[in-house]
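# Survey of secondary and tertiary structure
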Amino acid sequence: MIHSCAGGVVRDRKYFDFAKVEILSTGEIKWYICNLPLIMAGDVVIVPYGKENVREKAEVLRVDRSVSEQVSPVPARRAKEILEICDG
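We now turn to the structure provided with this report. (Residues numbered from 1 in each chain as written. Predicted model: local features only at pLDDT ≥ 70, side-chain atom pairs only at ≥ 80, totals over all residues. Heavy atoms only, no water.)

### A few points about the pairing of strand 5 (residues 44-49)
A regular strand carries its side chains on alternate faces of the sheet. The buried fraction of strand 5 amounts to 5 of the 6 residues, a majority that puts the element mostly inside the structure. The turn linking strand 5 back onto strand 6 (residues 54-68) is made up of 4 residues, and G50 within it adopts a positive phi angle of 75 degrees. Relative to strand 7 (residues 84-85), strand 5 runs antiparallel, the two being bridged by 2 bridges. Along strand 7, the bridge assignment pairs V45 with I85. (Buried < 20%, exposed > 50% of the residue type's maximum accessible area, 1.4 Å probe, protein only. Helix = DSSP H or I, 4+ residues; strand = E, 2+ residues; numbered from the N terminus. Pairing = 2+ DSSP bridges.)

Written out as structure tokens, the structure reads:
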């Protein structure tokens with residue numbers, strides 16, 4: 001926790017792993033929070049997609065680890081999470 005000079009408290013900084021993926025059915029590029037430690041570029045994963053959170057396959061293009069919430073590629077509060085890695 002960081003204290004400000006005015007006596008208030010600035011909230012704790014949070015860090016996330018983000019994965020940039022390509023939705024295989026549409027070709028759309030999206031960023032997702034990734035809580036799977038073994039994930040890497042080239043993996044095929046299942047992600048929630050669209051307003052209805054339909055399960056879609058996506059290919060991981062890039063993984064950025066320990067990204068501060070303040071400089072995340074998408075707002076961390078709105079980011080969806082990768083659900084799982086596909087087998088084979």
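Having seen the structure, we can now continue with the description.
### Looking at the sheet that holds strand 7
Taken together, 5 strands build an open sheet; the order of strands is 4-3-6-5-7 and the sheet is antiparallel. Where the open sheet ends on each side, the last strands, each with one partner, are strand 4 (29-33) and strand 7.

### Details of the pattern of salt bridges
A full pass over the atoms with the stated rule returns 4 salt bridges. Across the salt bridge formed by D17 and R65, the nearest N and O atoms sit 3.4 Å from each other. Here R65 lies in strand 6 and D17 lies in strand 3 (residues 15-23), a separation of 48 residues in the sequence. A relative accessible area of 21% places D17 in the partly exposed class. Relative accessible area serves as the criterion here: at 38%, R65 is assigned to the partly exposed category. (Salt bridge = Lys/Arg side-chain N within 4 Å of Asp/Glu carboxyl O.)

### Details of the layout of surface pockets
The calculated volume of the largest pocket comes to roughly 160 Å³. Taken together, K30, W31, Y32, P48, Y49, G50, V74, P75, R78, A79 and K80 make up the lining of the largest pocket. At the level of secondary structure, the elements contributing two or more residues to the lining of the largest pocket comprise strand 4 and strand 5. If one sorts the elements of the lining of the largest pocket by residue count, strand 4 sits on top with 3 residues. Looking at the lining of the largest pocket, its residues break down into 7 nonpolar, 1 polar and 3 charged. (1 Å grid on protein atoms, 1.4 Å probe; cavity = no way out; pocket = protein on both sides within 12 Å on 5 of 7 lines; lining within 4 Å. Points joined across faces, edges and corners; volume = space filled by probe spheres on them. Nonpolar A, V, L, I, M, F, W, Y, C, P; charged D, E, K, R; others polar.)

### Observations concerning the pairing of strand 4
Here strand 3 pairs with strand 4 via 5 bridges, running antiparallel. By the bridge assignment, E22 is partnered in strand 4 with I29. The turn linking strand 3 back onto strand 4 is made up of 5 residues, and G27 within it adopts a positive phi angle of 80 degrees.

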